[in-house]
Amino acid sequence: MKTFLKNQWARLRRLEGPVLPLAAFLMSLVLSGIIMALCGYNPFEAYGAILVGAFGSLRGIVNTFVQATPLIFTGLAYTFAKKASLINLGVEGQMYMGALGTALIGTLNLGLPTFLHLPLAILAGFLFGALYGGIIGFLKVRFGSNEVVAGVMMNTIATCIVGYLLNGPLLAEGSVSAQTERVAETAQLPRVFSQYQLSYAIFLAIAACIFVAWFLNRTTFGYELRAVGINAKASETAGISIAKVMIIAMCVSGGIAGLAGANQVLGVDRRLINNFSPGYGFNGIAVAALASDNPIGVILAGTVFGLLSTGATELNRTTSVPVEFVGVIQAMVVIFVAAPLLIRDILHIDGKRRNK
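Interaxial distance between helix α5 (residues 91–106) and helix α7 (residues 147–166) falls to 7 Å at its minimum, and their mutual angle equals 30°. Between α5 and α7, the crossing angle belongs to the class labelled roughly parallel. Crossing hand, α5 versus α7: left-handed. On the side of α5, the interface is formed by Val-91, Glu-92, Gly-93, Tyr-96, Met-97 and Leu-100, while α7 contributes Met-154, Asn-155, Ala-158, Thr-159, Val-162 and Leu-165. When grouped by side-chain class, the residues that make up the contact of α5 with α7 number 8 nonpolar, 3 polar and 1 charged.

What follows concerns the nonpolar core. Ranked by size, the top nonpolar core spans 93 residues in total, and within it Phe-80, Leu-225, Leu-266, Leu-272 and Phe-305 carry the most contacts. The dominant element in this core, judged by the number of residues it contributes, is helix α11 (residues 242–268), at 11 residues. If we skip the residues at most four places from it in the chain, Phe-80 touches Val-212, Phe-215, Leu-216, Leu-225, Ala-249, Val-252, Ser-253 and Ile-256.

Turning to the packing of helix α4 (residues 58–83) against helix α12 (residues 280–290), a few remarks are in order. Following both chains from N to C, one finds α4 and α12 inclined at 70°, their axes separated by 7 Å at the closest point. The angle between α4 and α12 falls in the class roughly perpendicular. Across the interface between the two elements, Gln-67, Pro-70, Leu-71, Thr-74, Gly-75, Tyr-78 and Thr-79 of α4 pack against Tyr-280, Gly-281, Asn-283, Gly-284, Ile-285, Val-287 and Ala-288 of α12. Its residues placed into classes, the contact of α4 with α12 shows 7 nonpolar, 7 polar and no charged.

Here we take up helix α2 (residues 19–38). Between its first and last C-alpha, α2 extends 29 Å over 20 residues, near the 28 Å set by a 1.5 Å rise per residue. Inspection of α2 places Leu-20, Pro-21, Ala-23, Ala-24, Phe-25, Met-27, Ser-28, Ser-32, Gly-33 and Met-36 among the buried residues, and these make up the whole buried set. Immediately beyond the C-terminal end of α2, within one or two residues, lies Gly-40, with a positive phi of roughly 95°.

The rules we used
- Residues numbered from 1 in each chain as written.
- Predicted model: local features only at pLDDT ≥ 70, side-chain atom pairs only at ≥ 80, totals over all residues.
- Heavy atoms only, no water.
- Axes fitted to C-alpha atoms, helices over the stretch in contact; angles between N-to-C directions.
- Helix = DSSP H or I, 4+ residues; strand = E, 2+ residues; numbered from the N terminus.
- Parallel < 35°, antiparallel > 145°, perpendicular 65-115°, else oblique.
- Left-handed = near helix turned anticlockwise from the far one by under 90°.
- Contact = heavy atoms within 4.5 Å.
- Nonpolar A, V, L, I, M, F, W, Y, C, P; charged D, E, K, R; others polar.
- Core = buried A, V, L, I, M, F, W, Y, C linked by side-chain atoms within 4.5 Å.
- Buried < 20%, exposed > 50% of the residue type's maximum accessible area, 1.4 Å probe, protein only.
- Expected span 1.5 Å × (residues − 1).

Below you can see the structure in the form of structure tokens.
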């Protein structure tokens, strides 16, 4: 036990493991507070308003998890692809396609009971997102395209396709807004509280994170995926098919992003609405960064960013502090997490000590 505690203390001093993202988050709060003060605002008032808005009432707590749910899905999607050393910037588009697939099945009156119709609609969201993500993987493997560029371009294609369909073939009858008909009752995700938009998708998101953590560490393909992410050439020498791993990784990543779209359609809006996402796909990158690409850490990181998003409403309502400072905090988190050497240098921690 004494040796264990000594090793944990050594890791703490070297900012290893989960300590690094925590240090990054705290430093982002401090630096953002300094920027607020320099701009003439009270950072303590701002942070107090954010906490009150997120946790000061049942509504605030529920809205925090409403905002956290899609962020957990998108953060997990980005994390899964990252394990194979793939940068999936197409999460936003995959989420839109997942939402489209879910809406196509969810709005149909198939005459199925809930225990069949609801899983079918969720599966459609996963498959639409997976197929769309798989295209990026195929383009990279077959033609050597850059997955970052391909992902960004396919985001635009996805939003344009959905926008066209919602303003045309899928437009709800008599609606002046670009949206589908309401999802059938048999395909609606139950809500935790009837008066709020928090659905049981939050539990699906948590379960997905736990499953992915198990999958990556306890299965053969999970090992192959991590091996490719660490050293692709060595993995190929060992007989692992890099092409197969990359395509499947992008498919699964896209499928998880598709679940974020399914949540919005079946649990939150109960229909597909044009421009339903304020950028969940891109914010998922910050969630994954704060979680240090740890599937379990994504749960906490998504909740933290959900807290900031919900608190921003109270910040805007009760103070004169611009809500844009919430974006500053998020950006600082990414900067510090992406630069661990910067944090160690600021805190005067010598990375060479780790071998002593």
